[in-house]
Amino acid sequence: ELKVEQNPLFLSMQEGKNYTIYCNYSTTSDRLYWYRQDPGKSLESLFVLLSNGAVKQEGRLMASLDTKARLSTLHITAAVHDLSATYFCAVDEKTSGSRLTFGEGTQLTVNP
Amino acid sequence: DVKVTQSSRYLVKRTGEKVFLECVQDMDHENMFWYRQDPGLGLRLIYFSYDVKMKEKGDIPEGYSVSREKKERFSLILESASTNQTSMYLCASRSPSGHRLILFGPGTRLTVT
């Protein structure tokens, strides 16, 4: 059974600081997704990482994938309040057809 | 603008009622999903469908059924609603090829009293 673990689960940071969210998964996969969820809203796609060494950047967020280590990171640079949200990683199970397995989510709060 | 839509954003039902949650996608996606999301429990897969008339149980199918008669529509049915089914329900769809990105609908917050 695929397990996806994120850490930290809660992150409170000051504006202007940098931080990294980690996503570990337990079985082979070469496809990983990051989503953002604002309170009371649905999930919005941020990044699709399709191969080992993939790196994607959008604004102050950068995601990377290391399939050998079974690890993805979401790096936040110079955080701003608007980045406050819950961030989920999700892993495509190669052997199961179509389902994704989601991490527990990291609730990020950026304080002024 | 491609999208996944859900029939209701908020729904209040009584215990024992039969509840239908409808989901429609306009992207010609083969795969569709129903998740529920609860505080502290993350997203849990209820059912998914590979294609029309095909369905598979997810992690928590008990108390739910689904229907996929047309490619664009995937319905979640609560046969006899109970208070422990109060939750946020998220529908999603994806194509089985290319990026295989799952796109989510806006969600339905269901309250069972």
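Residues numbered from 1 in each chain as written. Chains lettered and ligands numbered in written order. Predicted model: local features only at pLDDT ≥ 70, side-chain atom pairs only at ≥ 80, totals over all residues. Heavy atoms only, no water.

K.L.:
Is there a simple way to think about the overall build of chain A in this case?
P.N.:
Within chain A, the secondary structure is distributed over 0 helices and 11 strands. In chain A, the order of α-helices and β-strands from amino to carboxyl end is β-β-β-β-β-β-β-β-β-β-β. Overall size of chain A, expressed as C-alpha extent along the three principal axes, is 45 × 30 × 20 Å. Within the span of chain A, comprising 112 residues, buried residues form 48% of the whole. In chain A, once contacts between residues fewer than 6 apart in sequence are set aside, the share between residues at least 24 apart is 54%. Accessible area of chain A: about 5,400 Å², with a carbon and sulfur share of 48%. (Helix = DSSP H or I, 4+ residues; strand = E, 2+ residues; numbered from the N terminus. Buried < 20%, exposed > 50% of the residue type's maximum accessible area, 1.4 Å probe, protein only. Contact = heavy atoms within 4.5 Å. Areas by Shrake-Rupley, 256 points an atom, 1.4 Å probe, with all protein chains shown as cover.)

K.L.:
Explain the state of the cysteines to me, please; I cannot follow it from the model alone.
P.N.:
By definition, a disulfide links two cysteine residues through a covalent bond between their sulfur atoms. All names here are of chain A. The final tally for this structure, using the stated rule, is 2 disulfides over all chains. There is a disulfide in this structure between Cys23 and Cys89, and the S-S distance comes to 2.0 Å. Here the disulfide of Cys23 and Cys89 is right-handed, its torsion about the S-S bond being about 80 degrees. Taken together, the residues span a long stretch of sequence, with Cys23 in strand β3 (residues 19-25) and Cys89 in strand β9 (residues 85-92) at a distance of 66 residues. On the basis of relative accessible area, Cys23 is assigned to the buried category, the value being 0%. (Disulfide = S-S within 2.5 Å.)

K.L.:
Looking at this structure, how should I read the sheet that holds β3(A)?
P.N.:
Hydrogen bonds along the backbone pair up the strands of a sheet, which may run parallel or antiparallel. Residues and elements named next belong to chain A. Spatially, 5 strands are ordered β1-β3-β8-β7-β6 in an open sheet, and the strand pairing comes out antiparallel. The two strands at the open ends of the sheet, each matched to only one other strand, are β1 (4-7) and β6 (55-58). Geometrically, the sheet is characterised by an average inter-axis angle of 15 degrees between neighbouring strands, direction not taken into account. Where β6 and strand β7 (residues 61-66) come together, 4 bridges link them in antiparallel fashion. (Pairing = 2+ DSSP bridges. Axes fitted to C-alpha atoms, helices over the stretch in contact; angles between N-to-C directions.)

K.L.:
Whenever I open this one, the environment of A:Leu74 confuses me. Can you help?
P.N.:
Residues and elements named next belong to chain A. Locating Leu74 in the fold gives a position in strand β8 (residues 71-76). Judged by its relative accessible area of 0%, Leu74 falls in the buried class. Setting aside chain neighbours within four positions, we find Leu74 in contact with Tyr19, Thr20, Ile21, Trp34, Phe47, Leu61, Met62, Ala63 and Tyr87.

K.L.:
Hey, could you run me through the interface of chain A and chain B in this one?
P.N.:
Frequently, the measure chosen for interface size is the accessible area removed from exposure when the parts meet. Facing the 19 residues of chain A at the interface are 23 residues of chain B. Interface of chain A and chain B: buried area, both sides summed, is about 1,700 Å²; carbon and sulfur atoms make up 51% of it. Where chain A meets chain B, there are 1 salt bridge. Of the charged contacts, one joins B:Arg94 and A:Asp92 as a salt bridge, the two residues approaching to 3.0 Å between their closest N and O atoms. Elements with a minimum of two residues in the side of chain A that touches chain B: β4 (32-37), β5 (43-49), β9 and β10 (100-102) of chain A. (Buried area = accessible area lost by both parts, 1.4 Å probe. Salt bridge = Lys/Arg side-chain N within 4 Å of Asp/Glu carboxyl O.)

K.L.:
Where do I start with the nonpolar core in this structure?
P.N.:
One broad trend across soluble globular proteins is that nonpolar side chains are buried collectively. Counting residues in each nonpolar core, the largest one holds 25 residues, and the members touching the most others are A:Leu32, A:Trp34, A:Leu74, A:Ile76, A:Tyr87 and A:Leu108. When residues of this core are traced back to their parent elements, those giving at least two are β2 (10-14), β3, β4, β5, β7, β8, β9 and β11 (106-111) of chain A. In this view, A:Leu32 contacts A:Cys23, A:Tyr25, A:Phe47, A:Val48, A:Leu49, A:Leu65, A:Ser72, A:Cys89, A:Ala90 and A:Val91; residues no more than four positions away in its chain are not counted. Grouped together as the second largest cluster of nonpolar side chains are 21 residues, B:Leu11, B:Met32, B:Leu78 and B:Cys91 included. (Core = buried A, V, L, I, M, F, W, Y, C linked by side-chain atoms within 4.5 Å.)

K.L.:
Help me out: how do you make sense of unusual backbone geometry in this one?
P.N.:
For residues besides glycine, phi is generally negative; the peptide bonds are generally trans as well. Backbone torsion omega between A:Asn7 and A:Pro8 reads 0 degrees, so that peptide bond is classified as cis. Within the fold, A:Pro8 resides in the loop between β1 and β2. A positive phi is found at B:Asp28, a non-glycine position, where the angle reads about 60 degrees. Along the polypeptide, B:Asp28 turns up in the loop between β3 (19-25) and β4 (31-38).

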